[in-house]
Amino acid sequence: MLDKLKVIAQYCFPQHGLSRLTGLFANGAHGKVTTYVIKWFIKRYNVNMDEAKFSDPAHFQTFNDFFTRELKADVRPINADDNLLCQPVDGAVSQAGPISQGRIVQAKGHDYSVCELLGGDRQLANKFEDGDFATVYLSPRDYHRIHMPITGTLKEMIFAPGDLFSVNPLTAQNVPNLFARNERAIAIFDTEVGPFALVLVGATIVASIETIWHGTVAPSKNKEIVRWTYENQAPIVIEKGAEMGRFKLGSTIVAVFAKDAIEFVDELQPAAATVMGEAFARIKNK
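- The protein chain appears in an unreviewed UniProt entry as Phosphatidylserine decarboxylase proenzyme from Moritella yayanosii.
- The record held by UniProt for the protein chain lists under Sequence similarities (unreviewed entry) the comment "Belongs to the phosphatidylserine decarboxylase family. PSD-B subfamily. Prokaryotic type I sub-subfamily."
- Its UniProt record, at the heading Subunit (unreviewed entry), says of the protein chain: "Heterodimer of a large membrane-associated beta subunit and a small pyruvoyl-containing alpha subunit."

Structure representation (structure tokens):
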């Protein structure tokens, strides 16, 4: 029991520098110990369990089951306006705005290239030249499933290995190229507004990322970039508002759009809260 409690303490305080092995606790069923740490986490981070489909901490066999908990069907209605995209996640805006000279603002004094973010693919990055981006940070208390802001047909997924820095606002302000350095899964969709990239960025501890069509993408033993294409099979179409993936113990998403595709709603400003399903952006020229 003492050893398990040490693991819990390490998990709950990731600033002490942890490896992926710590995630073994989060993915394991440890009975009352798991329930204890879930209760602690709910209290520590003020998690609103009234929104969860299952609100009793004892319902969850593993911490990851709790962390990726499903919400009640009616608590995140999807904006039904065909001219609007919906927020893909619950979280807080890190940055949002235009892509300038192929670069995305990370924080004051820091930016990085779209090409780096997309795994070094210059041809792919060119599709988003002079486009727009939004970066949204998911805090520990947030709902950690990711949904589609617009209906899209999956064209490609790229796994980019990398670091596992924390992705909180403090590290965004101090770690250069943070979102292009961390391990990430890059999903490329074809939509009515053109190409759309949804980048799921991993973070401290396990960087576990899943998609509905592939399952677990990260962590991975791959040390090189891996690509999957979906051109020569039955189309994978994910509707606006539908779940496309989830984080276990993380993290941040970066949504990237082509030039003249969308215009973000006025409320989408740094530090603004986002609620999955609410208005995210307007479709231009529609």
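1. With respect to the UniProt feature "modified residue: Pyruvic acid (Ser)" (unreviewed entry) in the protein chain
- Summarizing the sequence annotation, UniProt attributes the feature "modified residue: Pyruvic acid (Ser)" (unreviewed entry) to Ser251 in the numbering used throughout.
- In contact with serine 251, not counting residues within four places along its chain, are Val136, Tyr137, Leu138, His144, Val167, Val201, Gly202 and Ala203.

2. A few points about the pairing of strand 2 (residues 91-98)
- Pairing of strand 2 with strand 17 (residues 273-274), which is carried by 2 bridges, proceeds in the antiparallel orientation. Directly across from glycine 91, in strand 17, lies its bridge partner threonine 274.

3. Focus on the packing of aromatic side chains
- This structure, assessed with the given rule, holds 14 aromatic pairs.
- Considering the side-chain rings of phenylalanine 196 and phenylalanine 257, the 4.8 Å spacing of their centres and the 20° angle between planes classify their relative orientation as stacked. Here the residue phenylalanine 196 occupies a position in strand 9 (residues 194-201), and phenylalanine 257 occupies one in strand 15 (residues 252-257), the gap between them amounting to 61 residues.
- An aromatic cluster is built from Trp40, Phe41, Tyr45, Phe60, Phe63, Phe66 and Phe67, whose rings are joined through pairwise contacts.
- Across from the ring centre of tyrosine 45, 4.8 Å away, lies the NZ or CZ of arginine 44, which sits over that ring.
- The cationic tip of arginine 69 hangs over the ring face of phenylalanine 66; the distance from NZ or CZ to the ring centre is 4.8 Å.

Conventions adopted
Residues numbered from 1 in each chain as written. Predicted model: local features only at pLDDT ≥ 70, side-chain atom pairs only at ≥ 80, totals over all residues. Heavy atoms only, no water. UniProt positions renumbered as here; feature names shortened; annotations may be inferred. Contact = heavy atoms within 4.5 Å. Pairing = 2+ DSSP bridges. Helix = DSSP H or I, 4+ residues; strand = E, 2+ residues; numbered from the N terminus. Phe/Tyr/Trp six-rings, centres within 6.5 Å; stacked < 30°, edge-to-face > 60°. Lys NZ or Arg CZ within 6 Å of the ring centre and 35° of its normal.

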